[in-house]
Amino acid sequence: MDNKRRNLLKGSAALGGLGVFGAGYVDPVKKAAQGLLSGSAGEPTTDRITGNALPPEFRIDAETGELIPAEGQVVSLTQCLGCWTQCGIRARVDTVNNRVLRIAGNPYHPLSHEKPQVYDAPVREAYTGLGGDPGIEGRSAACARGAAMLELLDNPQRITRPMKRVGPRGSGQWQTISFEQLIEEVTEGGDLFGEGRVDGLRAIHDTETLMDPENPEYGPVANRLLVTDAGPDGRRAIVKRFTFNAFGTRNFGHHGSYCGLGYRVGSGALFDDMKGFTHAKLDWDRARFVIFMGTAPAHAGNPYKQQGRQLASARTDRRFEYVVVAPSLPNSSSLATRGNNNWVPIRPAGDSAMAMAMIRWIIDNERYDRDYLIQPGPAAQEAAGEPSWSNATHLVVSSENHALTGRILRGRDLGWTDSAGDSVVVDAVSGEWMAHTMPRPAELFVTREVVLADGSTVTVKSAMQRLADEARRLTLSEYSAECDVPEATIEALARKFTSYGKQAVINTHGGVMNGSAFYTSYAIVMLNAMVGNLNAPGGTFVKGKPYTNTGAGERYDMANFPGKIGPKGIFLSRSRTTYEASSEFRRKVESGRNPYPAKAPWYPVSPPLFTEHLCSALEGYPYQAKIWINHMGNPIYGQAGLREAIDQRLKDPGRIGLIIGIEPFINETNAYADYLVPDLVTYEGWGFSKAWAGVKQRMTSARWPVVEPRVEKTADGEPISMEAFLIAVSKRLGLPGFGDNAIPDADGNLHPLNTAADWYLRGAANVAWDGGPVPEAAEDDMRLTGVDRIAPVLQAHLKPEEWRRAAYVFCRGGRFGEAPAKDAGPVTHWQRPATIWNEKVGSNRHSLTGDYFTGCPTWHPPRFADGSRVERHYPVDQWPLRLTSYKSHLQSPHSIAASRLRQIHPYNPVGINTRDAEAAGIQTGDRVRLVTPGGSVEGVALLRDGVKRGAVAIEHGYGHRELGARTHTVDGTPLPGDEAIGAGVNLNDLGLVDPTHSSGNAWVDWVTGASVRQALPARIEKVG
Ligand code: SF4
């Protein structure tokens, strides 16, 4: 067999070229054909037509229309965790054998249906609507990944008992221990591994004593605990309660910084929201022209599944055009249906140049929405009938090195006593100063000298002028050279984008995670402000408010409790604080030294960063962490370059003394743990989640144990889980907020927090009451959904008037507001301005260079922490290619254990442009080595015309080293790894360590600290 064929069969089917597709699918197709005839076990099938398909969960009587459920089955509505979209699903449950048989979509759920079932419709009616002819319309589906995730429940790679390492850290040797031993050892510490004393949680639980009196801003000793969490899977509130308000450490982090943080902070800058980092989605029902840049609908971005349906409807049902700008052709761009879409290939990380070029063209050609941009505040917006307002006319202090540099000029700066806090603008009619709150337009382009109340003179420029100045730093042809998109294409796209009024939108997401992610994102979303589409029908909208659950609700205040403490001190990641406020800075200034550069970057506008926490904790800048609890976080897999950066340091118990991983499986990060705590998969536990974006109505998903968990139980009979662990640790340490008197109700009575049900069921009561109480669940609803199985738990934990209303929420998989009419436009209106100049960004300095950040979009190439261009370190002649990562339709970072997904798409090929490949002598099916300055991987080449020249495209979700790929030893017995789980390549193994970051961290965006995984410099070579 020749090499090429062997590689193809080894890796099986690669998406793309038909030949490869066919070759890879020979085996599955043969098996499928045989299965139809003789069953997959070689036995005759039970039915010639339906094979061995399960009997249906319902029958609908053709005469009466009555729904007749199958014996021994219920259909439970809960939440999927196949990816972070967290759709509502319906799980078909075998109640006799405690198994999940099938997964489909929840018909009530807005993320699972474009026209969801009316919330107060009985469950029987909703289920009947799934069958027969109406079922075509009423059908609610899960995506392929969501449908396959049930395999995780009984997966042989799952851990179900607590484990402790018995070999060196990271060696994969474990012994199982009891839950009680786990809790004792992690709280009390001791010589736990025969390597010397290890501090337990008790030793660092001190919220009063400063860890470093020389640097009091580091806060108390308790900050030596780092707690991380993968994502908002509906359980985060209890993790934060433990972290911030019970234990009292400042240090918490989640996956955002290695997911889409660069986008979110850029979006937050536009929305004047540097805390929640609001982002908007397009109004699919009325938008007429949409550009997707750094994302691709139905392929990436969030909500993934919902956008697939919305795109399909929009491009087939009505006049709708769209363009996808990306280094590789995504499946979202297709001419199969109609020629109403296009793909513009772009160099990886070229998006920033392209967006800035479009901004420049729009300004130079006066194609912006002037009537929108000249409204300086809410009163002017209302008078002009605009859907929102912007700060385009507000004046930015633009002189260098003034105390107000980068700030918006306020009334107080001019000595106004009235309107002192208002922004100052120039009245469009009189040319005089005016408060932005006046109900009339202001000048759009302003440059003036002004004498301030303190006597100093500064130059002020309107935000729009500053944006124009930044956009004009490069010519269109220079921008074109940077992004490798022809000038004519840029112009045509800008012209088209500005030809639909407010019914044009540009959308982006994680594709901007390059070495200048923040400014890329800010530039792209700024284009929406240029056409004034925020809150406009056919424009962009923000999501509806979720229902309060485990927060300060109407029935129970779960955000406050007796003895609650607030964390103190700065984050390990040096975020949300300025270097200039540090003792390090003060000492340097006092000793007459130049305070710049700081030892490592600080991130004044970013949230706590998982991407910096670890390196900081290991390196001790600003301070060292002693204990790390990680719930499902997996930066070693997900953060480009992190493994290379910290592998050896993480294995050294002398740096972080104790690592506790909590997860149903052993992921790449928890493989470094000293203790592993088993956890629940989504069908086994409780939780509440919201939509990330894209849903107009209010919504909160609820998940509940639709089957009995597979994990072992504590001595008290609780399934071992993240919640059981945190509750037990808290009670042993005597922390507030846990135990018998922990949750106040509306009358001030205290209720216990001893079990997960104590927590989530009170959250369910809050959901049931927010916005008015829901009805009580009917017996039939509970019977059909299996909620009757948990009714005794509901009754035991909730008040008589509460439990059936909480049951109503679980029967429907959450609570969902009334869906607005299709042509209603945005329902929730963003009240703050579209921020053309963000002063929170523009008034801060970069901690290494001392330069001010620019408060509006501007162009920067990908760069390292000290500002140097990547090419200076890694010249193009040695590293001629640029890697681009794209999302998988089938795999998320944690779905690889589902074997049926691997059967469909076993591995990810290395996608390379046909002409580039041929020039290098590479053909489809060749084994290739991809090399970057950060590492190398081997994979199978797939030649594609749908990859930009000079780019190499890699689908995310493959190339695992753990999650079942590797053999571990448990109690002396091998737990065999499955090499199919490790198939393919992980682009993040090719990430770079930033040569200018003194702590030796992986390359992160210099403004936000977001992981850099786009445009990594690379070369490719044929193997053998
Ligand atoms: S998009 Fe698919 S995998 Fe993700 S939550 Fe929804 S159904 Fe599950």
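Residues numbered from 1 in each chain as written. Predicted model: local features only at pLDDT ≥ 70, side-chain atom pairs only at ≥ 80, totals over all residues. Heavy atoms only, no water.

Novice: Help me understand the overall build of the chain in this model?
Specialist: Along the backbone of the chain there are 30 helices and 36 strands. Computed over its C-alpha atoms, the radius of gyration of the chain comes to 28 Å, within 12% of the 31 Å expected for a compact globule of 1024 residues. In terms of overall dimensions, the chain has C-alpha extents of about 85 × 65 × 65 Å along its principal axes. Burial statistics for the chain: of 1024 residues in total, 63% are counted as buried. (Helix = DSSP H or I, 4+ residues; strand = E, 2+ residues; numbered from the N terminus. Rg over C-alpha atoms; globule rule 2.2 N^0.38 Å. Buried < 20%, exposed > 50% of the residue type's maximum accessible area, 1.4 Å probe, protein only.)

Novice: Could you clarify how one ought to interpret the side chain of E386 in this entry?
Specialist: Relative to the helices and strands, E386 resides in the loop between α13 (378–384) and β14 (395–397). Once residues lying within four places of it in the same chain are set aside, the contact partners of E386 are D371, Y372, Q375, Q381 and K502. (Contact = heavy atoms within 4.5 Å.)

Novice: Quick question: what am I supposed to make of the site of the ligand here?
Specialist: The environment of the ligand is made up of C80, G82, C83, Q86, C87, C143, R145, G146, Y304 and K305. Elements with a minimum of two residues in the shell around the ligand: α5 (144–148) and α10 (304–317). Taken together, the residues that form the shell around the ligand break down as five nonpolar, three polar and two charged. (Near = heavy atom within 4 Å. Nonpolar A, V, L, I, M, F, W, Y, C, P; charged D, E, K, R; others polar.)

Novice: How should the UniProt feature "domain: 4Fe-4S Mo/W bis-MGD-type" (unreviewed entry) in the chain be read in this particular structure?
Specialist: Here the UniProt feature "domain: 4Fe-4S Mo/W bis-MGD-type" (unreviewed entry) sits at residues 73–157. Across residues 73–157, helical content stands at 19% and strand content at 25%; the span's end C-alpha atoms are separated by 27 Å. (UniProt positions renumbered as here; feature names shortened; annotations may be inferred.)

Novice: Before we go on, may I ask you to explain the nonpolar core in this structure?
Specialist: Generally speaking, nonpolar side chains in soluble globular proteins are found buried as a group. Judged by nonpolar contacts, the single largest core of 157 residues is most densely connected at F242, Y683, F725, L794 and F810. Here this core takes ten residues from helix α23 (residues 756–769), the largest share from any one element. Look past the residues within four positions of Y683 in its chain and what remains in contact with it is I89, V100, I103, G146, M149, L150, L153, W704, P705, V706 and V707. In terms of nonpolar packing, the next biggest core, distinct from the first, is built from 81 residues, I346, A463, M526 and V531 among them. (Core = buried A, V, L, I, M, F, W, Y, C linked by side-chain atoms within 4.5 Å.)

Novice: It is not clear to me how the packing of helix α19 (residues 610–619) against helix α21 (residues 642–651) should be interpreted in this structure. Could you clarify?
Specialist: In helix packing, the relevant descriptors are the interaxial angle and the interaxial distance, both defined with respect to the helix axes. It is the contact of α19 with α21, at a shortest axis distance of 11 Å, that shows an interaxial angle of 35°. The handedness of the crossing between α19 and α21 comes out as left-handed. Counting all contacts with α19, which are made through L614, C615, L618 and E619, the residues of α21 involved are L642, I646, R649 and L650. Residues that form the contact of α19 with α21 fall into these classes: six nonpolar, no polar and two charged. (Axes fitted to C-alpha atoms, helices over the stretch in contact; angles between N-to-C directions. Left-handed = near helix turned anticlockwise from the far one by under 90°.)

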